[in-house]
Amino acid sequence: MNKTINQKAWFFVVPVFVLVAFNAAIPLMTVVNYSFQETFGNNVFAWEGTRWFKQILLSERFHDALGRQIAFTFIILLIQIPLGIGIALTMPKKGWGVPVCLILMSMPLLIPWNVVGAMWNIFALPDIGFLGYSLNAIGFDFNFTQQPGDAWFTTILMDVWHWTSLVVLLSYAGLNSIQPAYYQAAEIDGASRWATFRYIELPKMKKVLTLAILLRFMDSFMIYTEPFVLTGGGPGNATAFLSIDLVKMALGQFDLGPAAAMSLIYFFIVLLVCWVFYSLMMKNEVKS
Amino acid sequence: MSLELKNVEKKVGIETHIYPTNIKLEKNTINVLLGSTLAGKTTLMQIMAGLDKPTNGEVWFNGENVTGKQVQKRNVSMVYQQFINYPSFTVYENIASPLKITGVNSDEIKERVGKVAELLKLSAMLNKKPDELSGGQQQRTALARALVKDSDLILLDEPLANLDFKLREELREELPKLFEDRECIVVYATTEPSDALMIGGNTATILEGKIIQYGKTLDVYNKPENLTSAKVFSDPPMNIAEISKSGDICKLTENNVQWKSNVKIKDGNYKIGIRPHNITTYKEGNNTVEINGKVLISELSGSESLIHFTNGNLNWVSLSNGIQQKNIGENTKLFMNIDEFLYFDENNRLVNHG
């Protein structure tokens with residue numbers, strides 16, 4: 001068959017190119033531009049090569065922020081994933097409890113991020129906040145604005161409160177798609193509750209859990225608004241995660257070159273982790 | 001060994017799913033529960049297995065009242081319409097799973113799994129995971145899991161419904177052989193009369209939560225106690241008409257088509273049931289009666305032709321061998337094989353057959 005030439009395709013392709021250019025490529029290239037140059041204002045640039053990248057990668061400040069970021073993400077995943085599965089398992093499967101639970105679970109997800117930050121800020125204040133005051137009243141010396149440990153505790157608690165629901169909803173959807181016959185078959189076999197979970201529910205939830213881990217990883221790794229409102233990265237730099245540190249560098253100190261280099265490094269870390277994680281999961285998927 | 005339901009009734013809320021039912025299944029038998037979707041086949045099976053408790057009545061197994069006894073304490077296996085296997089286990093581990101839980105030693109597990117796998121033609125797939133298998137193989141794995149246990153009661157809930165035609169035929173032929181030498185009671189639920197005929201054994205026809213008739217499959221088919229049972233056990237649907245008999249003349253009330261008959265019933269009004277394959281476009285059998293029909297639909301099913309036709313208020317289906325081309329609206333002659341008629345009295349009870 002002869003190939004027919006059809007120029008009409010351009011009509012469909014060009015708008016996509018333009019769209020992608022405006023919302024991804026051009027802003028990204030601006031950042032790339034900054035990362036290799038020194039700016040002096042008035043649109044005066046000087047080529048710096050990889051200097052900013054080296055500076056960032058070797059700086060202790062970046063290592064610390066990255067370390068805090070990894071620790072934070074790791075901790076919240078460790079709490080939210082099992083907790084989310086646990087809550088999903090205890091949720092009712094039918095009856096009036098279903099909509100009630102679903103609405104309750106969706107609530108935190110609907111609250112704007114800076115509102116969550118502000119809420120928890122007030123909630124945790126040691127003098128007037130319910131949480132802060134109560135903790136002090138029962139004998140804990142709790143002050144998240146002064147003590148790094150308390151700041152971490154509050155930030156993690158806030159994130160768990162805000163985002164566990166997402167894991168719950170995804171797990172619940174995964175659990176609901178398991179046909180009742182599986183449970184009956186397990187019952188006939190005499191499988192224990194744990195075995196039913198381990199060998200039926202968990203494998204059947206694998207796909208949604210992959211999605212939940214990926215989403216929670218990306219979101220928590222890029223977290224900005226909530227800790228910014230809650231602690232502002234403090235006390236000191238205790239809760240200055242990558243994006244908070246980045247904004248400080250870019251807008252606080254106006255170090256645009258290093259900040260651009262850091263943005264790119266940040267971006268590549270997220271991309272790399274997601275890619276590795278996703279391909280590992282998909283490899284298992286193909287095998288099984 | 002026997003399984004007996006005594007006055008078993010199942011209600012959910014105000015709805016009755018199973019009306020008080022009595023049935024006794026003997027050992028080494030295959031019993032088909034035949035009925036349409038929502039007739040109550042699955043509910044009955046779950047009560048038999050102990051997965052569900054009857055609202056009233058008792059379930060007896062081997063002379064023991066097992067009503068309310070937990071399913072894992074009874075030696076039961078079940079195969080479902082969906083292919084239910086442990087997704088993260090290999091075929092071998094899947095088949096071995098019921099044995100592992102009961103603590104059979106590993107040498108014996110190996111031997112028994114090997115045997116069952118061979119029986120179900122799974123030997124080459126033992127190291128694969130269920131989702132690497134075709135639907136037919138997945139269902140074979142589920143069957144193997146049910147068989148490996150040497151259960152006293154094996155329940156098959158429409159096991160072939162999700163398979164494509166060819167696999168269904170293949171597995172359906174093998175099924176009765178699988179249970180031949182087993183000391184167990186097999187219950188097989190299906191919506192398809194042809195399944196029941198193929199499998200043989202005993203059949204219970206079920207409609208709307210009631211067992212209409214239970215007996216040897218061929219008896220139920222040839223001598224349905226009543227019209228309902230005959231309808232359940234007929235696909236395509238049975239053709240029904242009213243007749244009057246006077247002397248040796250029978251006459252269709254609808255259109256005065258009449259024939260000479262030596263059927264041994266008193267004079268009077270009856271209903272007749274005619275299975276679609278006893279109305280054909282050609283003469284079959286020694287005694288046929290001609291009837292005119294206007295073709296509604298004509299469809300092919302394999303190498304058979306289904307012709308839906310009307311004659312007055314009669315709306316009938318005929319099933320002929322070979323490819324019979326008929327146009328919609330065409331007037332055609334069909335032949336009814338009067339030796340195969342089923343006669344029902346005013347209470348819809350069978351009074352004579354053939």
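The model shown is predicted, which means the values in this text are computed figures rather than measured ones. (Residues numbered from 1 in each chain as written. Chains lettered and ligands numbered in written order. Predicted model: local features only at pLDDT ≥ 70, side-chain atom pairs only at ≥ 80, totals over all residues.)

## A closer look at the overall build of chain B
In step 1: Counting its regular elements, chain B contains eight helices and 21 strands.
In step 2: By principal-axis analysis of the C-alpha atoms, chain B measures approximately 75 × 45 × 35 Å.
In step 3: Sorting the 354 residues of chain B into buried and exposed places 40% on the buried side.
In step 4: Taking the contacts inside chain B whose residues are at least 6 apart along the sequence as the reference set, 65% of them involve residues at least 24 apart. (Helix = DSSP H or I, 4+ residues; strand = E, 2+ residues; numbered from the N terminus. Buried ≥ 20, exposed ≤ 12 C-beta atoms within 10 Å, placed from the backbone. Contact = placed C-beta atoms within 7 Å.)

## Re helix α5 (residues 113-124) of chain A
Residue and element names in this part refer to chain A.
In step 1: In this model, α5 (twelve residues) spans 16 Å end to end at C-alpha, consistent with the 16 Å of a helix rising 1.5 Å per residue.
In step 2: Turning to α5, its buried residues are Val116, Gly117, Trp120, Asn121 and Ala124. Projected onto a plane normal to the axis of α5, the buried residues spread over an arc of 135° and lie on a single side.
In step 3: Buried residues along α5 sit in contact with α6 (130-137), α7 (148-176) and α11 (225-230). (Expected span 1.5 Å × (residues − 1). Arc of directions from axis to C-beta.)

## With respect to helix α2 (residues 91-102) of chain B
In step 1: Burial in α2(B) covers these residues: Val91(B), Tyr92(B), Asn94(B), Ile95(B), Ala96(B), Ser97(B), Pro98(B) and Leu99(B).
In step 2: Here the buried face of α2(B) lies against α8 (180-189) of chain A together with α3 (106-119) and α4 (135-148) of chain B.
In step 3: Trailing α2(B) by a residue or two, Gly103(B) shows a phi angle of about 80°, which is positive.

## Re the sheet that holds strand β16 (residues 288-301) of chain B
Residues and elements named next belong to chain B.
In step 1: Strand order across the open sheet formed by five strands is β15-β19-β16-β17-β18, with antiparallel pairing between neighbours. Across the chains shown, the open sheet's two edge strands, defined by having one partner strand only, are β15 (279-280) and β18 (314-321).
In step 2: Relative to strand β19 (residues 331-337), β15 is paired through two bridges, and the arrangement is antiparallel. Its bridge partner lying in β19, Thr280 is registered against Phe335. (Pairing = 2+ DSSP bridges.)

## Some details on unusual backbone geometry
All names here are of chain B.
In step 1: Cis geometry is found at the peptide bond from Asp235 to Pro236, where omega equals 0°.
In step 2: Position of Pro236 among the secondary structure elements: in the loop between α8 (227-232) and β11 (239-246).
In step 3: Phi is positive for Asn7, close to 50°, though the residue is something other than glycine.
In step 4: Within the fold, Asn7 resides in strand β1 (residues 2-12).
In step 5: A positive phi is found at Asn28, a non-glycine position, where the angle reads about 55°.
In step 6: Of note, Asn28 is situated in the loop between β2 (15-26) and β3 (29-34).

## Structural notes on the nonpolar core
In step 1: Counting 95 residues, the largest nonpolar core has Met48(B), Met78(B), Ile95(B), Ala144(B), Leu153(B), Leu155(B) and Val187(B) as the members making the most contacts within it.
In step 2: Counting residues per element, this core draws most heavily on α4(B), which supplies six residues.
In step 3: Once you skip the residues sitting within four places of it in the chain, Met78(B) turns out to touch Gln184(A), Ala185(A), Ile188(A), Ala49(B), Ala146(B), Leu155(B) and Asp157(B).
In step 4: Counting residues in hydrophobic clusters, the runner-up holds 19 residues, among them Phe62(A), Phe72(A), Phe241(A) and Ala261(A). (Core = buried A, V, L, I, M, F, W, Y, C linked by C-beta atoms within 7 Å.)

## Brief notes about the pairing of strand β8 (residues 185-190) of chain B
All names here are of chain B.
In step 1: Within β8, six of the six residues are buried, leaving the element largely enclosed by the surrounding structure.
In step 2: Pairing analysis gives six bridges linking β3 to β8, with the strands arranged parallel. Considered in β8, the bridge of Leu33 is made with Ala189.
In step 3: Once you follow strand β7 (residues 153-157) into helix α5 (residues 165-179) and on to β8, the crossover reads as right-handed. (Right-handed = clockwise from strand over helix to strand, strands pointing away.)

## Concerning the domain arrangement of chain B
Residue and element names in this part refer to chain B.
In step 1: Domains assigned within chain B are domain 1 (2-232) and domain 2 (239-353).
In step 2: Computed from C-alpha coordinates alone, the two centres of domain 1 and domain 2 are separated by 36 Å.
In step 3: Taken residue by residue, the interface counts eight residues in domain 1 and eight residues in domain 2. (Domains from an automatic or database assignment.)

## Overview of the pairing of β19(B)
In step 1: Here seven bridges tie β16(B) to β19(B), and the two strands are oriented antiparallel to one another. The residue of β19(B) that forms the bridge with Val289(B) is Met336(B).

## Overview of the packing of helix α4 (residues 97-110) of chain A against α7(A)
For any two helices packed against each other, the geometry is given by the interaxial angle and the distance between the axes.
Residue and element names in this part refer to chain A.
In step 1: Where α4 meets α7, the closest approach of the two axes is 8 Å, and the angle between their N-to-C directions is 130°. In terms of orientation, α4 lies oblique with respect to α7. Considering the relative orientation of α4 and α7, their crossing is left-handed. Residue-level contacts link Met105, Ser106, Pro108 and Leu109 of α4 to Trp161, His162, Ser165, Leu166, Val168 and Leu169 of α7. (Axes fitted to C-alpha atoms, helices over the stretch in contact; angles between N-to-C directions. Parallel < 35°, antiparallel > 145°, perpendicular 65-115°, else oblique. Left-handed = near helix turned anticlockwise from the far one by under 90°.)

## Regarding the interface of chain A and chain B
In step 1: Contact with chain A, which involves 15 residues of that partner, is made by 18 residues of chain B.
In step 2: The set of elements that each furnish at least two residues to the side of chain A that touches chain B consists of α8 and α9 (193-204) of chain A.
In step 3: A per-class count over the side of chain A that touches chain B returns eight nonpolar, four polar and three charged. (Nonpolar A, V, L, I, M, F, W, Y, C, P; charged D, E, K, R; others polar.)

## Describing the packing of α2(B) against α4(B)
All names here are of chain B.
In step 1: Two elements in contact, α2 and α4, have axes whose closest approach is 8 Å; the angle formed by their N-to-C orientations is 30°. With respect to their mutual orientation, α2 and α4 come out roughly parallel. The interaxial crossing formed by α2 with α4 has right-handed handedness. For the pair α2 and α4, contact is made by Val91, Asn94, Ile95, Ser97, Pro98 and Leu99 and by Thr141, Ala144, Arg145 and Val148, respectively.
In step 2: When grouped by side-chain class, the residues that make up the contact of α2 with α4 number six nonpolar, three polar and one charged.

## Some details on the sheet that holds β8(B)
Residues and elements named next belong to chain B.
In step 1: As summarised here, the arrangement of the six strands in space is β6-β7-β8-β3-β9-β10, forming an open sheet in which the pairing is mixed. Lying at the two open borders of the sheet, with one neighbouring strand each, are β6 (76-79) and β10 (210-216). Taking each pair of neighbouring strands and ignoring which way they run, the sheet shows an average axis angle of 15°.
In step 2: Where β3 lies against strand β9 (residues 202-207), four bridges are found, and the strand directions are parallel. Each residue of the ladder has a partner; that of Leu33, found in β9, is Ala204.

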